Amino acid sequence: MTQPGRPALAGKTVVMSGGSRGIGLAIALRAAADGANVVLIAKTDTPHPRLQGTIHTAAEAIRAAGGTALPVVGDIRSDATIEAAIEAAVEAFGGIDICINNASVLDLSPTTEVRPKAYDLMQDVNVRGTFMLSRACLPHLKRAANPHILSLSPPLNLSRRWLAAHPAYTVAKYAMTLTTLTLAAENAADGVAANCLWPQTLIATDAVANVIGGQEAVRRSRRPQIMADAAYDVITGPSIRRTGRTLLDEGVLREAGVTDFTAYAVSDDEPETDLFLD
């Protein structure tokens, strides 16, 4: 249990796939502000021409924010990488309290244009990576005081509009959600919460700038901090209270009492809200 007056994540250990930038890094920094231990598993070892940051700059930022960082350079598709990260986390910090499935691959190509390699990559990272990292964390989560699995994946909207939009990506992200929901059902008796979190609006990330809509889309986005604040609310809440849910960032924060979201806006433009929701 959290001691009175002590930050909720102080001394807690978070294992995260990805996290070098964007939403994952924002969540890591929010945890670090409490004094959490953050284990990052990411591939970006050297600067990328189109992507901000590396696993090393993320680790530096986590330490500057007040947390302890353990960067593990590797591919979430690799069982050896996952095993090494879990072993390092347990050796360094004594256990694991939270597993965050953040790593994801985005390809919005229609069926006839998506490359087989891209399809396989989305399945391997989004689905298999989520399953295998959660699987590796579970024995340690079951021994934690308030264990959580959180996957950054959408609600299961089966409207024709979304099923037809970008099938390969939709299948991978929905499978990521289904994986998490099955983990919630399977491990409820052990008190391990497993939930999904998705943004209600576009979030200003490299993916939005480079793939979805350029700077115009960024202007109609919210800052990653909204996802970080919502994730913090989820992973600090009692694991027995909320599990098996597909949550939206704004909904989580409204439930927590937030009514003004203007501080999260990139600009004064209306945020784009069309994300698997209707």
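The present account deals with the structure reproduced in this document.

Reading the values: rules and limits
Residues numbered from 1 in each chain as written. Predicted model: local features only at pLDDT ≥ 70, side-chain atom pairs only at ≥ 80, totals over all residues. Heavy atoms only, no water. Pairing = 2+ DSSP bridges. Helix = DSSP H or I, 4+ residues; strand = E, 2+ residues; numbered from the N terminus. Axes fitted to C-alpha atoms, helices over the stretch in contact; angles between N-to-C directions. Salt bridge = Lys/Arg side-chain N within 4 Å of Asp/Glu carboxyl O. Buried < 20%, exposed > 50% of the residue type's maximum accessible area, 1.4 Å probe, protein only. Phe/Tyr/Trp six-rings, centres within 6.5 Å; stacked < 30°, edge-to-face > 60°. Lys NZ or Arg CZ within 6 Å of the ring centre and 35° of its normal. Contact = heavy atoms within 4.5 Å. Right-handed = clockwise from strand over helix to strand, strands pointing away. Core = buried A, V, L, I, M, F, W, Y, C linked by side-chain atoms within 4.5 Å. Expected span 1.5 Å × (residues − 1). Arc of directions from axis to C-beta. Polar contact = N/O pair within 3.5 Å; in protein donor to acceptor, adjacent residues only side chain to side chain.

**Quick word on the sheet that holds strand β5 (residues 148-151)**
Pairing between the strands of a sheet is mediated by backbone hydrogen bonds and can be parallel or antiparallel.
(1) Moving on: Taken in spatial order, the seven strands line up as β3-β2-β1-β4-β5-β6-β7 in an open sheet, and their pairing is parallel. The open sheet has two edge strands with one neighbour each: β3 (68-73) and β7 (246-248). Going across the sheet, the axis of each strand differs from the next one's by a mean of 20°, ignoring polarity.
(2) Moving on: Bridging between strand β6 (residues 193-198) and β7 involves three bridges; their strand directions are parallel. Paired with Leu-197 across the strands is Leu-247, a residue of β7.

**What about the pattern of salt bridges?**
(1) Moving on: In this structure the tally under the stated criterion is ten salt bridges.
(2) Moving on: Salt-bridge contacts for Arg-30 lead to Asp-34; the nearest nitrogen and oxygen are separated by 3.7 Å.
(3) Moving on: For the salt bridge of Arg-30 with Asp-229, the shortest nitrogen-to-oxygen distance reads 3.8 Å. Here Arg-30 is found in helix α1 (residues 22-32), whereas its partner Asp-229 is found in helix α9 (residues 225-236), with 199 residues between them in sequence.
(4) Moving on: Of the residues examined, Asp-229 reaches a relative accessible area of 19% and is grouped as buried.

**Notes on the packing of aromatic side chains**
(1) Moving on: Counting across every chain of the model gives one aromatic pair.
(2) Moving on: Summarising the aromatic geometry, the rings of Phe-261 and Tyr-264 are spaced 6.2 Å apart at their centres and angled 35° between planes, so their arrangement reads as tilted.
(3) Moving on: Over the aromatic face of Tyr-232 sits the side chain of Arg-30, whose NZ or CZ is 3.7 Å from the ring centroid.

**Looking at α1**
(1) Moving on: For α1, a buried count of eight out of eleven residues is recorded, marking the element as mostly surrounded by other parts of the structure.
(2) Moving on: Packed against the buried residues of α1 are β1 (13-17), β2 (37-42), α2 (55-65), β4 (98-101) and α9.

**Some points on the pairing of β4**
(1) Moving on: Both faces of β4 are covered, namely the face carrying Ile-98 and Ile-100 and the face carrying Cys-99 and Asn-101.
(2) Moving on: In this structure, β4 lies alongside β5, joined through four bridges in parallel fashion. Paired with Asn-101 across the bridge in β5 is Ser-151.
(3) Moving on: Regarding topology, helix α4 (residues 116-141) serves as the crossover connection from β4 to the parallel β5, and that connection is right-handed.

**Remarks on the pairing of β6**
In the case of a regular strand, side chains alternate between the two sheet surfaces.
(1) Moving on: The element β6 is extensively covered by neighbouring structure, given that six of its six residues are classed as buried.
(2) Moving on: Residues Ala-193, Asn-195 and Leu-197 point to one face of β6 and Ala-194, Cys-196 and Trp-198 to the other, with burial holding for every one of them.
(3) Moving on: Two strands pair when backbone bridges link them, and β5 and β6 are joined in this way by four bridges, in the parallel orientation. Each bridged residue has a counterpart across the sheet, and for Ser-151 the counterpart in β6 is Cys-196.

**Points about the nonpolar core**
(1) Moving on: If you look at the biggest cluster of nonpolar residues, it comprises 38 residues, and the most contacted ones within it are Ile-27, Leu-40, Ile-100 and Leu-197.
(2) Moving on: Counting only elements with at least two residues in this core, the list comes to β1, α1, β2, α2, β4, α9 and α10 (249-255).
(3) Moving on: Looking at this core element by element, the count peaks at eight residues for α9.
(4) Moving on: The residues touching Leu-40, leaving out its near neighbours within four places in the chain, are Met-16, Gly-18, Gly-19, Ala-28, Ile-55, Ala-58, Ile-62, Leu-70, Pro-71 and Val-72.
(5) Moving on: Listed in part, the 33 residues of the second largest apolar core include Cys-137, Ala-172, Leu-183 and Ala-184.

**Here we look at helix α3 (residues 79-93)**
(1) Moving on: Spanning 15 residues, α3 covers 21 Å between terminal C-alpha atoms, matching the ideal 21 Å at 1.5 Å per step.
(2) Moving on: Along α3, the residues classified as buried are Thr-81, Ile-82, Ala-85, Ile-86 and Ala-89. Down the axis, α3 shows its buried residues gathered within 130° of arc, on one side only. Pointing more than 90 degrees away from the buried face of α3 are the exposed residues Ala-80 and Glu-91.
(3) Moving on: Residues of α3 that are buried make contact with β1, β2, β3 and α4.
(4) Moving on: Where α3 begins, the side chain of Ser-78 points an oxygen toward the backbone nitrogen of Ala-80, at a separation of 3.3 Å.
(5) Moving on: Remark: Gly-94 follows α3 within two positions and exhibits a positive phi of approximately 90°.

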